[in-house]
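Read off the chains here:
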Amino acid sequence: MEAITVISGIIGILIGLGAGYFIRKYLAEAKIASAEEAAKKVLQEAEEKAKSLKKETIIEAKDEVHRLRNELERETKERRSELQRLDRRIQQKEESVDKKTAYLEKKEEELKARDEETSRIQKTLHDNLKDQLAELERISGLTTEEAKDIILKRVEEEIQHEIAQMIKDVEQRAKEEGERKARDIITQAIQRCAADHVSESTVSVVNLPNDEMKGRIIGREGRNIRTLETLTGIDLIIDDTPEAVILSGFDPIRREIARISLEKLIVDGRIHPARIEEMVEKARQEVEVQIREEGEQAAFEVGVHGLHPELIRMLGRLKFRTSYGQNVLKHSVEVAHLAGIMASELGLDVKMAKRSGLLHDIGKALDQETEGPHVFNGAELAKKYRETPQVTNAVAAHHGDVEPQTMEAVLIQASDAISAARPGARRETLEAYIKRLEKLEDIADSFDGVDKAFAIQAGREIRIMVKPDKIDDITANRVARDIVKKIENELEYPGQIKVTVIRETRAVEYAK
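All chains use their own residue numbering, which begins from 1 and follows the written sequence. Totals for whole chains, interfaces and linings use every residue, but because this is a predicted model, local features are given only for residues with pLDDT of at least 70 and side-chain atom pairs only at 80 or more, for both listing and counting. By convention in this description, side-chain values take in all heavy atoms of the structure and omit both hydrogens and water.

Caption draft 1: Molecular detail of the overall build of the protein. Only runs of H or I of at least four residues qualify as helices and only runs of E of at least two qualify as strands under DSSP, and these elements are numbered from the N terminus. Within the protein, the secondary structure is distributed over 14 helices and 8 strands. We call a residue buried when its accessible area falls under 20% of the maximum for its residue type, exposed when it is over 50%, and partly exposed in between, using a 1.4 Å probe and counting protein chains only. For the protein, with 512 residues in total, the buried portion stands at 28%. Once local pairs closer than 6 in sequence are excluded, the contacts in the protein between residues at least 24 apart make up 62%. Put simply, the protein shows about 35200 Å² of open surface, and 54% of that area lies on carbon and sulfur atoms. In what follows, residue pairs with any heavy atoms lying within 4.5 Å of each other are defined as contacts. Accessible surface is estimated by sampling points in the Shrake-Rupley manner with a 1.4 Å probe; for residues, cover comes only from the protein chains shown.

Caption draft 2: A look at the environment of Asp472. For Asp472, the location among the structural elements is in the loop between β7 (461-466) and α14 (473-490). Considered as a pair, Asp472 and Thr505 are 33 residues apart in the sequence and their alpha carbons are 9.9 Å apart.

Caption draft 3: Fine view of helix α10 (residues 374-384). Turning to α10, its buried residues number three or more, namely His374, Val375, Asn377, Gly378, Ala379, Leu381 and Ala382. Of the surrounding secondary structure, the elements contacted by the buried residues of α10 are α7 (309-317) and α11 (389-396). Just downstream of α10 lies Arg386, where phi reads positive at about 65°.

Caption draft 4: Layout of helix α6 (residues 273-302). In this scheme, a helix's expected span is set at 1.5 Å multiplied by one less than its residue total. The end-to-end C-alpha distance of α6, which contains 30 residues, comes to 43 Å, matching closely the 44 Å that a straight helix rising 1.5 Å per residue would cover. The first or second residue beyond α6 is Gly303, which carries a positive phi of 90°.

Caption draft 5: Geometry of the side chain of Glu256. Following the sequence through the fold, Glu256 ends up in helix α5 (residues 252-268). The definition of a polar contact used here is a pair of N or O atoms within 3.5 Å, where within protein one atom must be able to donate a hydrogen and the other to accept one, and adjacent residues in sequence count solely through side-chain atom pairs. In this structure the side chain of Glu256 is engaged in a polar contact, spanning 2.5 Å, whose partner is the side chain of Arg259. Once residues within four sequence positions are removed from consideration, Glu256 is found in contact with Val287, Gln290 and Phe320.

Caption draft 6: Here's a closer look at the sheet that holds strand β8 (residues 498-503). Between any two strands, at least two bridges found by DSSP are needed for them to pair. Taken together, 3 strands build an open sheet; the order of strands is β6-β7-β8 and the sheet is mixed. Both edges of this open sheet fall to β6 (450-456) and β8, since each of them pairs with a single strand only. Going across the sheet, the axis of each strand differs from the next one's by a mean of 20°, ignoring polarity. As paired elements, β6 and β7 share 6 bridges and run antiparallel to each other. Within the sheet, the bridge partner assigned to Ala455 lies in β7 and is Ile462. Lines fitted to the C-alpha atoms define the axes, with helices restricted to the stretch that makes contact. Angles between their N-to-C directions range from 0 to 180 degrees. Lying on the sheet, α14 is in contact with β7 and β8; it crosses β8 at an angle near 150°.

Caption draft 7: Up close: a nonpolar patch on the surface. A contiguous nonpolar surface patch, about 510 Å² in accessible area, is contributed by Val6, Ile10, Ile13, Leu14 and Leu17. The topology assignment puts Ile10 in helix α1 (residues 2-140). Judged by relative accessible area, Ile10 falls into the partly exposed class, the value being 45%. The patches reported here contain residues having more than 30% relative accessible area and no salt bridge. Joining distances are 9 Å for like charges and 5 Å for nonpolar side chains (Val, Leu, Ile, Met, Phe, Trp, Tyr). We define a salt bridge as a contact between a side-chain nitrogen of Lys or Arg and a carboxyl oxygen of Asp or Glu at a distance within 4 Å.

Caption draft 8: Local environment of the pattern of salt bridges. Within this structure, the stated rule accounts for 23 salt bridges. The partner of Lys439 in a salt bridge is Glu490, with the nearest N and O atoms 3.7 Å apart. Of this pair, Lys439 sits in helix α13 (residues 430-445) while Glu490 is found in helix α14, placing the two residues 51 residues apart along the sequence. Overall, the relative accessible area of 34% leaves Lys439 in the partly exposed class. By relative accessible area, which is 43% here, Glu490 ends up partly exposed.

Caption draft 9: Spotlight on the packing of α6 against α7. Closest axis-to-axis distance for the α6/α7 pair is 7 Å, and the angle between their directions is 100°. By the angle between their axes, α6 is roughly perpendicular relative to α7. Listed contacts from α7 to Glu288, Ile291, Arg292, Glu294, Gly295, Glu296 and Ala299 of α6 are Pro309, Ile312, Arg313, Leu315, Gly316 and Arg317. Put simply, angles under 35 degrees are roughly parallel, angles over 145 are roughly antiparallel, angles from 65 to 115 are roughly perpendicular, and the rest are oblique.

Caption draft 10: Region of interest: a negative patch on the surface. Positive charges come from Lys and Arg alone, negative charges from Asp and Glu alone, with His and the N- and C-terminal ends not counted. Where a charge sits is defined by one atom per residue type, namely NZ (Lys), CZ (Arg), CG (Asp) or CD (Glu). There is a patch of like negative charges on the surface, built from Asp87, Glu94, Glu95 and Asp98. Mapping Glu94 onto the fold places it in helix α1. The class for Glu94 is partly exposed, based on a relative accessible area of 47%.

Scope: geometric values only; no functional claims are made or implied.
The following block contains the structure:
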């Protein structure tokens, strides 16, 4: 039963499949026929549209060709008319050029004729001038070049004379104006500065209560006086001078220590070597305190602050130094005041001017055993104790040994000269001073080849002008050395003298 059912089912399926195949085939053939008919219809419609578009395209193309032809014809006409217009302008230009060419040719002919006429006239004038010059040369007896040289030389002399006169007038006016202003400033500075001066010498006098004290000072077999001289380095002169002992020595500080010690011993009455040593040590301490107080007082008086303590001490030592009888500390204070006043008048740095003026002679505070001039020693001290380069330069330049770099340094030079040259400031007489300068110049003039010699800087320097045709550069050095040796052998002078030999060669030509 089951087998029959399965077979029936299989047969049913096969029948269904066969029926479905035939049905699909029929339907497919029907669709294909329908599609073919639709495709034919579409092709027919497409052919009709293509024909219609072709006609429209041909019509549009013809219209475009017609339009382009019209535009081309129009542009052609316009270009033809423009070319015609340009052609007319070119013709006009050519006509104008032809006219100008003809005009220029005519002018050229006229100019050529004028040139020929001018050349003829020039030749005539040249011949006439030549004849006239020949006649003038015959009459004057001079050639043309000689006459030209005479005229040029005369004109040159006149011009040089006028220029020299103008330069002289300008220089004279400038000099007078400068001197007037300088006198005003210096006069004001001197009037406003009033400094006391102490005149010192190389000896000190100690008064005694009686002449019996001389024997006690000498001591048994001279032991007291030997002790005092050994400890102080000062000579005690005990002579017939009543009730006085003279202390002699080149070092004023040592002399001051000896004076104070001797006065203390006289007051104390106990004079023996041990007591002398004690009193000398106390006097040395007192002098050291006095030195520092004098330095501080000088700085306070001038208004200079911030100095190194060692510079203060060096300033105090100047209290016991003199130059030609002029106290160096008082001189330094006066220079500081003068420099400050002049700096104020000129609108310069007053503080720096005062500081430089106070320290300008600081090199004189060193011991006499120290080698070198006080100018360079002072500059080294200022540099060592951190003074500014401007102050150091002012100290080094105040005698002209180096070039001043600031206006304040120039004021220090002037102030130093004013203070030293003021009447009564120094003991050297005017006659001795003039004789020393004259002798200095005479020594320089005695050498062959020396043209001029000038003593400057109060006799501290001599400048010598030599003849360049007789003395060359190498010989100039030898002449300077020979002059130095002769000055050292024949002249007595304080400090040192700078000898400067100047050889100048000039070549003058004129561009004509």
